[in-house]
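Now for the letters of each chain:
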Amino acid sequence: MNAPAPDTVSFGYEDIPASEKTARVGGVFSSVAARYDIMNDAMSGGMHRVWKDRFVRRLKPREGEQILDMAGGTGDIAFRIAESGASVTVADINPQMLEVGMERAAKRGIDGLVWTEANAETLAFPDRFFDAYTIAFGIRNVTDIPKALREAHRVLRRGGRFFCLEFSTTVWPGFADAYDAYSHKVVPQLGKLLAQDADSYRYLIESIRRFPDMPTFEGMIRDAGFIQTGVEPMLGGLVAIHHGWKI
Ligand SMILES: C[S@@+](CC[C@H](N)C(=O)[O-])C[C@H]1O[C@@H](n2cnc3c(N)ncnc32)[C@H](O)[C@@H]1O
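Residues numbered from 1 in each chain as written. Predicted model: local features only at pLDDT ≥ 70, side-chain atom pairs only at ≥ 80, totals over all residues. Heavy atoms only, no water.

Peer 1: So what's going on with the packing of helix 1 (residues 18-32) against helix 8 (residues 198-210)? Which residues, and what values?
Peer 2: With their axes 9 Å apart at the nearest point, helix 1 and helix 8 run at an angle of 125° to one another. Here helix 8 runs oblique to helix 1, going by the angle between their axes. In this structure, the crossing between helix 1 and helix 8 has a hand that is left-handed. Taken together, the residues of helix 8 that come into contact with helix 1 (itself represented by Lys21, Val25, Val28, Phe29, Ser31 and Val32) are Ser200, Tyr201, Tyr203 and Leu204. For the contact of helix 1 with helix 8, a count of residues per class yields seven nonpolar, two polar and one charged. (Axes fitted to C-alpha atoms, helices over the stretch in contact; angles between N-to-C directions. Helix = DSSP H or I, 4+ residues; strand = E, 2+ residues; numbered from the N terminus. Parallel < 35°, antiparallel > 145°, perpendicular 65-115°, else oblique. Left-handed = near helix turned anticlockwise from the far one by under 90°. Contact = heavy atoms within 4.5 Å. Nonpolar A, V, L, I, M, F, W, Y, C, P; charged D, E, K, R; others polar.)

Now the structure itself:
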């Protein structure tokens with residue numbers, strides 16, 4: 001990861017003032033919301049479904065638990081968690097993403113989810129409220145990641161668990177090169193063809209490159225107060241499941 005210059009944060013490969021990032025990210029997701037689900041399948045060849053299934057299996061949600069799916073977007077993680085009978089709150093900063101999620105839930109006959117607009121950095125939930133906190137492909141878009149991790153810790157009860165699914169850096173050399181070429185050349189073209197929006201997809205790829213590597217991000221999770229942290233890399237770390245516990 002290249003660290004952004006002082007007083008700036010990364011927005012893809014650009015360094016921009018921190019005060020601008022949340023709005024710029026908001027613009028990206030407002031723009032992709034309607035085509036987000038179709039693009040996920042196209043870009044990952046359907047693999048995102050496998051990663052999300054595994055993520056929720058690792059979480060082991062149980063009936064009666066209160067679970068916060070942060071940056072929950074169009075509901076992919078929440079729908080999987082809800083199958084367990086747990087109560088799920090889907091929180092996201094972007095109303096367009098939530099709207100698509102609510103429509104999808106209605107079409108699938110999934111009810112009982114709570115949908116709420118919220119910034120991961122400043123949550124209105126009380127301390128020690130949730131049994132588990134999940135965030136999938138969301139944390140790299142947050143402006144102040146340490147602040148969001150501290151909020152995750154605050155809203156979890158003692159014994160609560162934190163789970164994060166995020167792109168990372170694959171350590172498989174040949175695969176890393178192939179993925180690099182694919183993501184920089186093919187993904188923006190797919191974005192242009194399928195969503196008429198190459199720039200947003202360019203941002204999404206570039207933001208993956210600027211995200212901290214697995215040991216660094218695990219350190220950030222520990223710094224927020226979590227213990228017994230761990231990481232499960234998939235495809236050599238192209239995607240990783242990070243977890244930690246609050247005591
Ligand atoms: C790539 S989508 C992931 C959606 C969903 N979790 C999934 O896996 O399909 C990233 C989501 O993060 C949300 N997001 C970005 N910054 C956020 C913030 N500061 N607080 C809450 N949500 C945020 C975006 O609005 C978007 O819905």
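After that view, the rundown keeps rolling.
Peer 1: Residues and numbers for the site of the ligand, please.
Peer 2: Lining the immediate surroundings of the ligand are 20 residues, of which Tyr36, Ala71, Asp92, Ala120 and Ala136 lie closest. Contacts to the ligand include Ile93, whose backbone N or O atom sits 3.3 Å from a nitrogen atom. Contact between the ligand and Ala136: a nitrogen atom at 2.9 Å from a main-chain N or O atom of the residue. Of the residues that constitute the shell around the ligand, the class distribution is 12 nonpolar, six polar and two charged. (Near = heavy atom within 4 Å. Polar contact = N/O pair within 3.5 Å; in protein donor to acceptor, adjacent residues only side chain to side chain.)

Peer 1: Lay out the pairing of strand 8 (residues 227-234) in plain terms, naming residues and giving numbers.
Peer 2: As paired strands, strand 8 and strand 9 (residues 239-245) are joined by six bridges and run antiparallel to one another. When the bridges of strand 9 are listed, Pro233 appears paired with Ala240. Count of turn residues in the strand 8/strand 9 antiparallel hairpin: four residues, of which Leu235 carries a positive phi of about 50°. (Pairing = 2+ DSSP bridges.)

Peer 1: How would you summarise the packing of aromatic side chains if you had to cite specific residues and measurements?
Peer 2: As enumerated under the stated definition, the model contains 12 aromatic pairs in all. For the ring pair Phe162 and Phe226, a centre distance of 5.0 Å and an interplane angle of 35° mean the geometry is tilted. Residue Phe162 is located in strand 7 (residues 156-167), and its partner Phe226 is located in the loop between helix 9 (214-223) and strand 8; the two are separated by 64 residues in the primary sequence. When its relative accessible area of 0% is taken as the criterion, Phe162 is described as buried. Residue class for Phe226 comes out buried when judged on its relative accessible area of 2%. Among the aromatic residues, those joined into a cluster by ring pairs are Trp51, Phe137 and Phe167. (Phe/Tyr/Trp six-rings, centres within 6.5 Å; stacked < 30°, edge-to-face > 60°. Buried < 20%, exposed > 50% of the residue type's maximum accessible area, 1.4 Å probe, protein only.)

By themselves, these are just geometric observations and shouldn't be taken as functional.
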